[in-house]
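# Commentary on secondary and tertiary structure
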Amino acid sequence: MKIQTLSLGVLLVAFWALNSGLFKPLMFGLGTASVLLVLLISSRMKVIDSESQPLYLTKNIPGYYLWLLKELVISNIKVVGTIWRSNLQLQPALATIKMDHLSEMGKVIYANSISLTPGTVTTEVTENSITVHALDKSSIAEIKSGEMEARVRKLDK
Amino acid sequence: MSIVATYLSWALLVLGGLLCISGSVGLLRFPDFYTRMHAASVTDTLATGMILAGLMLQAPTWIVLGKLFMILVFVLLTGPTAGHALAKAALHSGLKPLLPGKSGVLEADNKPSGGV
């Protein structure tokens, strides 16, 4: 049995327990049956692999989430400040930013992190570049500085 | 529930509500689709997060707490995905973003600018 199968099983049991909250024998039996059925179907569909269960991220992802949360709050304050400014002088920008090679998972995390922070949204991801629309062009410069990219790269290792 | 948790919870709820209003105001004030998306993402991320955190502090049982946490995780996962899909679809169907022209006035540019 692969380690990914085990982690998916644990995840499904936790998900079921949280959603059900009822621990009667009948419920327990039904829960176990559904978890086993989902595991069986997923393994027959061959979707249990390191892409659907990226366990190698576990070590570094909490630190990244904390950093992302900080960035999220900062950019939220920035955008809210722009919203309430009395004279709206927007400097939106659309730019294609080069990036060095990242793994598929790295690219997904990078693009989603950019979209998640208010003020920037990823519109296109290619092999070695991303296109970003930003509410203010200073955000483009911030992405170009490559701090987020470096942090995502560290996750891959 | 302690008095501190009550006050903290209400502070978070009120702040989250204010952020929701800010997002809506931005939605009305900003000039085009793409800039409006940025305003909406304030409501998507911090406003939702604060309201859910405020509710978590008032959760009567662990089950409720866990469910609220799951809602937060799903909102944070689906928000950027939907935003990316919307922006990409708009760009591909030919909606030009407003960009500052030479005089500094916003205009719909035909080609995306290469840099800052």
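Residues numbered from 1 in each chain as written. Chains lettered and ligands numbered in written order. Predicted model: local features only at pLDDT ≥ 70, side-chain atom pairs only at ≥ 80, totals over all residues.

For the rest of this paragraph, the subject is the overall build of chain B. When you go through chain B residue by residue, the secondary structure sums to three helices and two strands. If you list the helices and strands of chain B from N to C, you get α-α-α-β-β. Here chain B holds 116 residues, and 27% of them are scored as buried. Put simply, 52% of the contacts in chain B that link residues at least 6 apart link residues at least 24 apart. (Helix = DSSP H or I, 4+ residues; strand = E, 2+ residues; numbered from the N terminus. Buried ≥ 20, exposed ≤ 12 C-beta atoms within 10 Å, placed from the backbone. Contact = placed C-beta atoms within 7 Å.)

Counting its secondary structure elements, chain A contains six helices and three strands. Counting from the amino terminus, helix and strand elements in chain A follow one another as α-α-α-β-α-β-β-α-α. Radius of gyration (C-alpha) of chain A: 21 Å, far over the 15 Å computed for a compact globule of 157 residues. Across its three principal axes, chain A shows a C-alpha extent of roughly 65 × 35 × 25 Å. Relative to its full complement of 157 residues, chain A shows a buried share of 28%. A separation threshold of at least 6 residues defines the contact pool for chain A, and within that pool the share at least 24 residues apart is 69%. (Rg over C-alpha atoms; globule rule 2.2 N^0.38 Å.)

A few words now on the pairing of strand β2 (residues 120–125) of chain A. The element β2(A) is largely enclosed, with a buried count of five among its six residues. Connecting the antiparallel pair β2(A) and strand β3 (residues 129–134) of chain A is a turn made up of three residues. (Pairing = 2+ DSSP bridges.)

Our focus in this paragraph is the interface of chain B and chain A. Listed per partner, the contact involves 37 residues of chain B and 32 residues of chain A. Only α1 (3–29), α2 (33–57), α3 (62–92) and β1 (98–100) of chain B provide two or more residues apiece to the side of chain B that touches chain A. Here the residues of the side of chain B that touches chain A are counted per class, giving 20 nonpolar, 14 polar and three charged. (Nonpolar A, V, L, I, M, F, W, Y, C, P; charged D, E, K, R; others polar.)

Turning to the environment of A:Gly9, a few remarks are in order. Residue and element names in this part refer to chain A. With respect to the element layout, Gly 9 can be found in helix α1 (residues 3–20). Sequence separation between Gly 9 and Val 35 is 26 residues, and the spatial gap between their C-alpha atoms is 6.9 Å. Ignoring any residue separated from it by four or fewer positions in sequence, one finds Gly 9 in contact with Val 35 and Leu 39.

Bringing the sheet that holds strand β1 (residues 93–98) of chain A into the picture now. Read from one edge of the open sheet, three strands run β1-β3-β2 (chain A), paired in antiparallel fashion. The open sheet has two edge strands, β1 and β2 of chain A, and neither has a second partner. Within the sheet, the average angular offset between the axes of one strand and its neighbour, ignoring direction, is 25°. Pairing between β1(A) and β3(A): six bridges, direction antiparallel. Its bridge partner being in β3(A), A:Ala93 is matched across the sheet by A:Ala134. Packed on one face of the sheet, helix α4 (residues 104–116) of chain A meets β2 and β3 of chain A and runs near 145° to β2(A). Across the face of the sheet, α3(B) comes into contact with β2 and β3 of chain A while running at roughly 65° to β2(A). (Axes fitted to C-alpha atoms, helices over the stretch in contact; angles between N-to-C directions.)

Take α1(B) next. Each turn of an α-helix holds 3.6 residues, which means side chains three or four residues apart point in the same direction. Taking 1.5 Å per residue as the helical rise, α1(B) with its 27 residues ought to reach 39 Å, and the 39 Å between its terminal C-alpha atoms agrees with that figure. Tucked into the core, α1(B) has its buried residues touching α3 (61–84) of chain A together with α2 of chain B. (Expected span 1.5 Å × (residues − 1).)

Low pLDDT means the predicted atomic positions in that stretch should not be read closely. All names here are of chain B. Per-residue confidence for chain B averages 87 on the pLDDT scale, and 90% of its residues sit at or above 70. Taken element by element, the predicted model of chain B shows its lowest mean pLDDT in strand β2 (residues 106–108) (72) and its highest in α1 (94). Across the predicted assembly, pTM comes out at 0.85 and ipTM at 0.84. (pLDDT = per-residue confidence, 0-100.)

Another aspect to go through is the environment of A:Val47. Residue and element names in this part refer to chain A. Inspection of the secondary structure puts Val 47 in the loop between α2 (25–44) and α3. Separated by 17 residues in the primary sequence, Val 47 and Leu 30 place their C-alpha atoms 23 Å from one another. Those residues in contact with Val 47, other than ones at most four positions away along the chain, are Ser 42 and Ser 52.

Let us now look at the packing of α3(A) against α1(B). Two numbers describe how α3(A) lies on α1(B): the axes approach to 9 Å, and their chain directions differ by 55°. Between α3(A) and α1(B), the interaxial angle falls into the category oblique. When you trace α3(A) past α1(B), the crossing you get is left-handed. Contacts between α3(A) and α1(B) involve A:Val80, A:Ile83 and A:Trp84 from the former and B:Leu19, B:Ser22, B:Val25, B:Gly26 and B:Arg29 from the latter. Classifying every residue of the contact of α3(A) with α1(B) by side-chain character gives five nonpolar, two polar and one charged. (Parallel < 35°, antiparallel > 145°, perpendicular 65-115°, else oblique. Left-handed = near helix turned anticlockwise from the far one by under 90°.)

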